Amino acid sequence: MAFYDSRTTLPNRELFYERLQQATAEAASHRQPVGVMMLDIDHFKAVNDTMGHPVGDELLRQAARRFQASVRAGDTVARLSGDEFAILLPDIQHKRELADTANKMLETFEEPFLLDGKEVFVSCSIGIALYPDDSTDANDLLKYADSAMYSAKRLGRGSFQFYSRELTAEAQKRLMLESELRRAIERGELEVHYQPKVLLDNGMMIGSEALLRWHHREMGMVPPAQFIPIAEDTGLIVELGCWVFREACRTAAQLNADGQVSHKVAVNFSSRQFQRSDLLERVTEILDGTACRPEWIEIEITESLLLDEKYETLAVLCALRTMGISIAIDDFGTGYSALNYLARFPIDTLKIDRSFISSGDKRSAELVKAILSIARCLGQSVVAEGVETIEQANFLTANGCGAAQGFLYSKALPKAELVKLPQFLSA
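Described below are features of the structure shown in this document. As the structure is a prediction and not an experimental result, all values here were calculated from the model.

So, on to a negative patch on the surface. Residues Glu107, Glu110, Glu111 and Glu119 make up a contiguous surface patch of negative charge. With respect to the helices and strands, Glu107 occurs in helix H4 (residues 95–108). Given a relative accessible area of 49%, Glu107 falls into the partly exposed group.

Another point: the nonpolar core. Core analysis: the largest hydrophobic core is formed by 73 residues, its most contacted members being Phe245, Phe274, Ile297, Ile301, Val387 and Tyr409. It is helix H8 (residues 236–255) that provides the largest number of residues to this core, a total of 12 residues. For Phe274, the residues in contact, after removing those within four places along its chain, are Phe269, Leu279, Ile301, Leu305, Val316, Leu317 and Leu320. One finds Leu10, Met37, Phe85 and Ile92 within the second-largest nonpolar core, a separate group that totals 33 residues.

Another aspect to go through is the pairing of strand S13 (residues 326–332). Across the 7 residues of S13, 6 count as buried, placing the element largely inside the fold. Two elements, strand S12 (residues 297–301) and S13, share 4 bridges in a ladder whose sense is parallel. Bridge assignment links Ile301 to a residue of S13, and that residue is Ile329. In the sheet, S13 pairs with strand S14 (residues 349–352) via 3 bridges, with the strands oriented parallel. By the bridge assignment, Phe332 is partnered in S14 with Ile352.

Attention shifts here to the side chain of Thr76. As for its placement among the helices and strands, Thr76 is situated in strand S2 (residues 76–81). Within polar-contact distance, the side chain of Thr76 engages the side chain of Arg19 at 3.2 Å. Residue contacts for Thr76: discarding those within four places in its chain leaves Pro11, Phe16, Arg19, Ala86, Ile87 and Leu88.

This brings us to the packing of helix H6 (residues 165–187) against helix H7 (residues 224–234). At a minimum axis separation of 10 Å, H6 and H7 run at an interaxial angle of 80°. Regarding the angle of H6 to H7, the classification is roughly perpendicular. For the pair H6 and H7, the contacting residues are Lys173, Arg174, Leu177, Glu178, Leu181 and Arg182 in the first and Gln226, Phe227, Ile230, Ala231, Asp233 and Thr234 in the second. The residue inventory of the contact of H6 with H7, partitioned by class, reads 5 nonpolar, 2 polar and 5 charged.

Moving on: the environment of Ala210. Mapped onto the secondary structure, Ala210 falls in strand S9 (residues 205–216). Considered as a pair, Ala210 and Val192 are 18 residues apart in the sequence and their alpha carbons are 6.2 Å apart. If we skip the residues at most four places from it in the chain, Ala210 touches Val192, His193, Tyr194, Val244, Ala248, Val265, Ala266 and Asn268.

This paragraph deals with the pattern of salt bridges. One pass over the full model with this rule turns up 23 salt bridges. Among the ionic pairs, Lys351 bridges to Glu209, the shortest N-O distance being 3.0 Å. With Lys351 in strand S14 and Glu209 in strand S9, this pair connects stretches of sequence that are 142 residues apart. For the residue pair Lys351 and Glu209, the accessibility class agrees, reading buried in each case. Arg321 is the partner of Asp348 in a salt bridge, and the nearest nitrogen-oxygen pair spans 2.9 Å. Pair noted here: Asp348 is in the loop between helix H13 (339–344) and S14 and Arg321 is in helix H12 (residues 311–323), with a separation of 27 residues, a long-range link. Classification of Arg321 as partly exposed rests on a relative accessible area of 36%.

Reading the values: the criteria
Residues numbered from 1 in each chain as written. Predicted model: local features only at pLDDT ≥ 70, side-chain atom pairs only at ≥ 80, totals over all residues. Heavy atoms only, no water. Patch = residues over 30% accessible without salt bridge, like charges linked within 9 Å, V, L, I, M, F, W, Y side chains within 5 Å. Areas by Shrake-Rupley, 256 points an atom, 1.4 Å probe, with all protein chains shown as cover. Salt bridge = Lys/Arg side-chain N within 4 Å of Asp/Glu carboxyl O. Lys, Arg positive; Asp, Glu negative; His and termini not counted. Charge placed at Lys NZ, Arg CZ, Asp CG, Glu CD. Helix = DSSP H or I, 4+ residues; strand = E, 2+ residues; numbered from the N terminus. Buried < 20%, exposed > 50% of the residue type's maximum accessible area, 1.4 Å probe, protein only. Core = buried A, V, L, I, M, F, W, Y, C linked by side-chain atoms within 4.5 Å. Contact = heavy atoms within 4.5 Å. Pairing = 2+ DSSP bridges. Polar contact = N/O pair within 3.5 Å; in protein donor to acceptor, adjacent residues only side chain to side chain. Axes fitted to C-alpha atoms, helices over the stretch in contact; angles between N-to-C directions. Parallel < 35°, antiparallel > 145°, perpendicular 65-115°, else oblique. Nonpolar A, V, L, I, M, F, W, Y, C, P; charged D, E, K, R; others polar.

None of this, on its own, says anything about what the molecule does.
Here you go:
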């Protein structure tokens, strides 16, 4: 019980570490390489949350059997914690053996898992470190394999990566960015820029999307792709999201002050914000504090949030909608799309992801037509993202898309520049 995991019957962290130390000690005298793999089941939390913890435990057991079937008799497969596994591969002759083993594991995940009577497809991400090439220290080998695994996740999941020294530098950079990001609000380094949304038939500006920007005092503008994932991983996204929402509400109140043409500001909400029990209270407090009417605000969520079938998520979305705030699905078509979600949840707007608009591929064009057709049937509006050419705008107009945003009309602008824009933006 002290050395084995009760759910999978695999060795646990303590036994794995003991065997790793023993393997590296023996390898030192025989000058034989040792491989260490860290493995993580992609989107395990989504399965756990939507199908229940007993089903999540069954997924762990089935995954453990697939890992064991992919390695040699003398290798050790262990479950370290949660959905994190590790594999010790002693007596490696060539680095290529590790790549072959990793590929074999990835292939086993191409077959569906039978969970609660349903076929479920999941992938895994793998990181690999090698003794003595990467390190002779057991702790470092685990740490380096873990870094490589997260690199595989960032590169698209369902893949493997070998550790490299660049990953250590990247990890150090992430730690530095996290530290700096924690101070960004108090230093006044954050800004909200707004990208206009226009009606496709006449170019009239009807709203904008609030987008967070970070202007570091020394590094300059830090790309959102660098700091938003860090904010998500660390939970900082909750505080940042609250700050952005307050700024967006102030802007919406200013833009709608004359009472002429309504300007709706869209704000992205992270799934982590929906995990907070006080979300509705904070939204109400900010709306009241900024004199912003709910109908001037749209909240954008991702499809992954709709996977959470807990009553609380649906209740919160319904409460926001009852307030008068509209709900949009961002990057529609790139996540776990399911038509029953569109009918069950209070969704007002679908935002077609820019990848469908910019592709130029016939299949993407047909998918855009299908999304527009679904939205019409459900009485939902559609906004096309990333519109950059007249041809794209004409195609969308011809197929009944109502609104768009993209460089064809305007890039994201600071509030001071947004308020100076004319009501009609020419393409």
